[in-house]
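# Secondary and tertiary structure notes
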Amino acid sequence: MTFNPIVVQVVIDKPLAQGFDYLWDAEKLGKLPEVGIVVEVSFARSKAIGLVIKVSDYSEYEFSKLKSVDRLAPLPPLDPALLRLMNFASQYYVHGFGETILPSIPKVWKKSDDWEKIPKKLELAEKKKRKEKSPISEGLITVEQLNADQKKALQELLATGQKKSHFRAILLQGQTGSGKTAVFLNWLTSILKEETAQVLLLVPEINLTPQLERRVKAYFPEKKMALLHSGISENKRGFAWYEAMTGKAQIILGTRLAALTPIPNLRAIVIDEEHDPSYKQQEGTRYSARDLAIWRAHDLKIPILLSSATPSIETWLAAQSGRYEYIRLDQRAQGASLPSVHLVNTRDSQNQFSPGDLDAPKYKSLISKTLAHAITKNLEAKKQTLILINRRGYAPVLSCSACSWLSKCTQCSVCTVMHKAGALGKRSVLSCHHCGLVTPIPSFCPECGNADLRSLGHGSQKIEDAVEEMWPQARVLRVDTDSSKKSKGAEALFQEIHDGNVDIVVGTQMIAKGHDYRNIGLVAVLDADSRLYSADFRAAERLFAQLVQVAGRAGRAGTNGEKSGDIYIETQYPDSPVFQYLLRHDVDGFMSFTSSEREEARLPPYSYQALIHAEGKSIEKAIQFLSELKGRLKSRGLIPKELKVYDPVPKPVMRVAGAERAQLLIESVNRKTLQETLEKLDQDLRQDSQGRVSKTSRIRWLIERDPIAV
Ligand code: ADP
Ligand code: ZN
Ligand code: ZN
């Protein structure tokens, strides 16, 4: 018998363009190699977890120089469709294949010391899961109960769905509370009739999963569900991922990371709130879970449904042009009308307390008179009030009344936020929301010794104080990441609201989305203007989506004919298009207005963008690094005329945790040209780099495709 060595190519989680050859000893390892197997190998004098991407009997290197694969993970191979998806992601986002795919495997499966124990662990997890109280199921709306609009929507979904194996992208657009969820869950019912079929259901935020989980349970009491999001313990997530990748779980419900799960019998995908920026990963491979899910559906020839009240401009245009199927729900499911929108012009003195009625000058300036009166009336009507303020903490900065000192982070180019006692520990502190540094509040000004330090501006804590003082009889609850960490978690806080134990809720964007409250009569938005104008061209689109979302919390349970609720928005710019379209509940008008603005300015989706990030010890060096890069592109004739390469600039927050950061924006009307340029750029950058750090200038770099904030 001739000796026939088996060579496998293995990728690991490092910013490397290629994989490495290893020998495969089938006898020692107990089986033949397959693409998709997770292995342990020796790499640079230590151990690394890798993935087999190729099997052959050939290597460019001498066999005697090759090391052998050490061990195998107790997992079936990742399925070929997932490898195709990851391969696409790696190319499109110009990121190494290994560093794209390996981070998507849950940590428990990458601890090789535990591999022997895993079968036992799985058994235990299975037992534990069976014992766990299954979530209460609620919110089942059967096909018979659907209203006429919903029935029509469902029929459209089912109509072409019977043709096997073909790709469909469908936008389901309908105002908040129009019953979109009820429609797509009924649609999934028909897909899940096939015993082995699996479906993937994505939600933008962890906080939205418990509610949807309960609803899914009501529709599919018999099916196994795998929950995948970062709020779940590593062990549980590893188990859920395993159940998905082995086909044991039929419903995979999770946040953006769930989009990268191996799901061998995937038959349909639903993306709830498809416009939400949380679908964009902002570290590592900076992917868009929505875009990857669409690619995946296309690759698998299955349907994908995108659901939203305020679709992204990209999706909306695709539906308008007929590239996606377009299904609309135009009535609120339970007959309630839409909330009335009130714009409170804060520059108009009639809307403000006059000095005469300022009996509590400390706080009355924080809430306009018009809004305060509306809140009082709403309380009298025994309805709940929801106040949205998009900033946690007490105040965004502390200042000295005698000199110009402001509380600034020592490591970042931003001010530190003041948090009152109780939020981040027993005492009041200053906290940096960029690097996490927490410092005690100084008793005296560090510059001049003055003891009179004052907070400037306001965050959720200060508004909470204001509300408690202005309506002492009301029960007030603050909902933000600080308060949800302290108590039993966000879910417990939401329950308090549901149970009617609260009169006024003061909350950050956490409360704006998805939750189906029963008795909210008034929604107030205090800081809309801060998000109206910003360097980011998507600011208005985001604000509009958020206002529609939060408005949707008002009066969801209003019955036919009953007035549904009010939303008050304090602003200095009531005439701006965002507010005017909102006033008329004209989502399509806003979309169409925004898309023509984009078209005129040649901004996405009418062009494609990429950012090159650079960070190092000094901003000058980071800028120089990018300038030289641009210079090289130019001199080598790599900037075709469809491509626009801007000059490097410092990032909006220039310094974070000691690193100074710059960026270079590249824009093209042609996707392919951009892709080609990025690939060349990547090669160029790698030539002088160790991983992703330049050897000569010590600058760390990263390429980002389709950035969501520029
Ligand atoms: P969306 O996903 O569009 O926000 P949901 O499906 O969550 O809408 O529906 C909003 C509310 O109306 C939920 O409480 C839901 O249970 C209820 N609902 C949906 N469809 C119906 C229906 N046909 N009849 C009665 N209630 C419904
Ligand atoms: Zn001072
Ligand atoms: Zn900082």
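Data block above holds the structure.
Residues numbered from 1 in each chain as written. Chains lettered and ligands numbered in written order. Predicted model: local features only at pLDDT ≥ 70, side-chain atom pairs only at ≥ 80, totals over all residues. Heavy atoms only, no water.

A tally of regular secondary structure across the chain gives 20 helices and 30 strands. On C-alpha atoms alone, the chain measures out to a radius of gyration of 27 Å, which is about the 27 Å that the 2.2 N^0.38 rule sets for 710 residues. The dimensions of the chain, computed from C-alpha atoms along their principal axes, are 100 × 70 × 55 Å. When burial is assessed residue by residue, the chain has 54% of its 710 residues classed as buried. In the chain, 74% of the contacts between residues at least 6 apart in sequence involve partners at least 24 apart. For the chain, the exposed area adds up to about 32,400 Å²; of that, 51% sits on carbon and sulfur atoms. Here the chain holds 98 positive side-chain charges and 83 negative ones, and the gap between their average locations is 3 Å. (Helix = DSSP H or I, 4+ residues; strand = E, 2+ residues; numbered from the N terminus. Rg over C-alpha atoms; globule rule 2.2 N^0.38 Å. Buried < 20%, exposed > 50% of the residue type's maximum accessible area, 1.4 Å probe, protein only. Contact = heavy atoms within 4.5 Å. Areas by Shrake-Rupley, 256 points an atom, 1.4 Å probe, with all protein chains shown as cover. Lys, Arg positive; Asp, Glu negative; His and termini not counted. Charge placed at Lys NZ, Arg CZ, Asp CG, Glu CD.)

Another point: the side chain of Ser288. Position of Ser288 among the secondary structure elements: in the loop between β10 (266-272) and α9 (289-300). Excluding residues within four positions of it along the chain, Ser288 makes contact with Tyr93, Tyr279 and Lys280.

Of all residues adjacent to ligand 1, which total 18 residues, the nearest are Gln150, Lys180, Thr181, Arg215 and Asp516. Within the backbone of Gln145, a nitrogen or oxygen atom sits 2.9 Å from a nitrogen atom of ligand 1. Backbone polar atom of Ala182 to an oxygen atom of ligand 1: 3.0 Å apart, as the coordinates give it. Protein chains bury 86% of the 550 Å² of accessible surface belonging to ligand 1 in isolation. The element best represented in the shell around ligand 1 is helix α6 (residues 180-191), accounting for 3 residues. A class-by-class count of the residues in the shell around ligand 1 yields 4 nonpolar, 9 polar and 5 charged. (Near = heavy atom within 4 Å. Polar contact = N/O pair within 3.5 Å; in protein donor to acceptor, adjacent residues only side chain to side chain. Nonpolar A, V, L, I, M, F, W, Y, C, P; charged D, E, K, R; others polar.)

On to a positive patch on the surface. On the surface, Lys120, Lys127, Arg130 and Lys131 cluster together into a positively charged patch. Counting through the fold element by element, Lys127 comes out in helix α4 (residues 118-131). (Patch = residues over 30% accessible without salt bridge, like charges linked within 9 Å, V, L, I, M, F, W, Y side chains within 5 Å. Salt bridge = Lys/Arg side-chain N within 4 Å of Asp/Glu carboxyl O.)

Let's shift gears to the layout of surface pockets. Quantified by volume, the second largest pocket comes out at close to 1,400 Å³. In terms of lining, the second largest pocket is formed by 44 residues, of which the most central are Lys129, Glu132, Glu213, Leu227 and Lys236. Mapped by element, the contributors of at least two residues to the lining of the second largest pocket are α4, α7 (209-219), β8 (225-228), α8 (234-245) and α15 (490-498). With 9 residues, the top contributor of residues to the lining of the second largest pocket is α4. When the residues that make up the lining of the second largest pocket are grouped by side-chain class, the tally is 19 nonpolar, 9 polar and 16 charged. (1 Å grid on protein atoms, 1.4 Å probe; cavity = no way out; pocket = protein on both sides within 12 Å on 5 of 7 lines; lining within 4 Å. Points joined across faces, edges and corners; volume = space filled by probe spheres on them.)

Moving on, we come to the coordination of the zinc ion (ligand 2). Every protein donor of the zinc ion (ligand 2) is accounted for by Cys400 (SG), Cys403 (SG), Cys445 (SG) and Cys448 (SG), and the metal-donor separations fall at 2.3 to 2.4 Å. For the zinc ion (ligand 2), the 4 donor atoms are set out with angles of 105 to 114 degrees between them, so the coordination reads as tetrahedral. Taken in sequence order, the residues that donate to the zinc ion (ligand 2) follow the motif C-x2-C-x41-C-x2-C. With relative accessibility at 3%, the residue Cys445 sits in the buried group. Take Cys448: its relative accessible area is 42%, and that puts it in the partly exposed class. (Donors = N, O, S within 2.8 Å, 3.2 Å for Na, K, Ca; no water. Tetrahedral: all angles 85-135°; square planar, octahedral: opposite > 155°, others 65-115°.)

Protein-derived coordination of the zinc ion (ligand 3) comes from Cys409 (SG), Cys412 (SG), Cys432 (SG) and Cys435 (SG), at a distance range of 2.3 Å. Every donor counted, the 4 donor atoms about the zinc ion (ligand 3) form angles of 107 to 112 degrees at the centre, which fits tetrahedral coordination. Counting the intervening residues between successive donors of the zinc ion (ligand 3) yields the motif C-x2-C-x19-C-x2-C. Pair noted here: Cys412 is in the loop between β15 (397-400) and β16 (417-419) and Cys432 is in the loop between β17 (429-431) and β18 (438-440), with a separation of 20 residues, a long-range link. Cys432 shares its class with Cys412; the two are buried.

Now for α15. Turn by turn, an α-helix covers 3.6 residues, leaving residues three or four places apart pointing in a common direction. Those residues of α15 lying buried are Ala490, Leu493, Phe494 and Ile497. Seen from one end, α15 has its buried residues packed into an arc of 100 degrees, which puts them on one side. Residues of α15 that are buried in the fold lie against β14 (384-388), β20 (476-479), α14 (481-486) and β21 (504-507). Of the residues flanking the end of α15, it is Gly500, one or two places downstream, whose phi is positive at about 75 degrees. (Arc of directions from axis to C-beta.)

The strand order across the open sheet formed by 3 strands is β16-β17-β18, and the pairing between neighbours is antiparallel. Each edge of the open sheet is held by one strand with a lone partner, namely β16 and β18. Strand-to-strand twist in this sheet, taken as the mean axis angle between neighbours without regard to direction, amounts to 35 degrees. With 3 bridges joining them, β17 and β18 adopt antiparallel strand pairing. (Pairing = 2+ DSSP bridges. Axes fitted to C-alpha atoms, helices over the stretch in contact; angles between N-to-C directions.)

Residues Trp24, Val39, Val69, Leu78, Trp109, Ile269 and Ile304 are the most contacted members of the largest nonpolar core, which totals 72 residues. Excluding residues within four positions of it along the chain, Leu78 makes contact with Val35, Gly36, Leu51, Leu83, Ile101, Ile105, Trp241, Met245 and Pro262. (Core = buried A, V, L, I, M, F, W, Y, C linked by side-chain atoms within 4.5 Å.)

Closest axis-to-axis distance for the helix α2 (residues 80-92)/α9 pair is 10 Å, and the angle between their directions is 135 degrees. One finds that α2 runs oblique with respect to α9. The way α2 lies across α9 gives a crossing that is right-handed. Between α2 and α9, the contacting residues are Ala81, Leu82, Arg84, Leu85, Phe88 and Ala89 on the first element and Leu292, Trp295, Arg296, Asp299 and Leu300 on the second. Partitioning the contact of α2 with α9 into residue classes produces 8 nonpolar, no polar and 3 charged. (Parallel < 35°, antiparallel > 145°, perpendicular 65-115°, else oblique. Left-handed = near helix turned anticlockwise from the far one by under 90°.)

Across the sheet, which stays open at both edges, the 7 strands sit in the order β8-β9-β7-β10-β11-β6-β12 with parallel pairing between neighbours. Of all the strands in the sheet, just β8 and β12 (325-329) have a single pairing partner and so form its edges. Strand after strand, the sheet turns through a mean of 15 degrees between neighbouring axes, direction not considered. With 4 bridges joining them, strand β7 (residues 198-202) and strand β9 (residues 251-254) adopt parallel strand pairing. Residue Leu200 lies in a different strand from β9, and its bridge partner there is Ile252. On the sheet, α9 packs against β7, β10 and β11 (303-308) and is oriented at approximately 155 degrees with respect to β10.

Further remarks concern the packing of aromatic side chains. Following the criterion strictly, the structure yields 11 aromatic pairs and no others. Note on Phe544 and Phe590: the rings are 4.0 Å apart at their centroids and 15 degrees apart in plane angle, and the pair reads as stacked. Of the two residues, Phe544 is situated in helix α16 (residues 539-551) and Phe590 in helix α18 (residues 587-601); the sequence distance between them amounts to 46 residues. For Phe590, a relative accessible area of 2% corresponds to the buried category. Ring plane angle 40 degrees and centroid distance 5.7 Å describe the contact between Tyr581 and Phe593, whose orientation is recorded as tilted. Here Phe593 lies in helix α18 and Tyr581 lies in helix α17 (residues 577-583), a separation of 12 residues in the sequence. (Phe/Tyr/Trp six-rings, centres within 6.5 Å; stacked < 30°, edge-to-face > 60°.)

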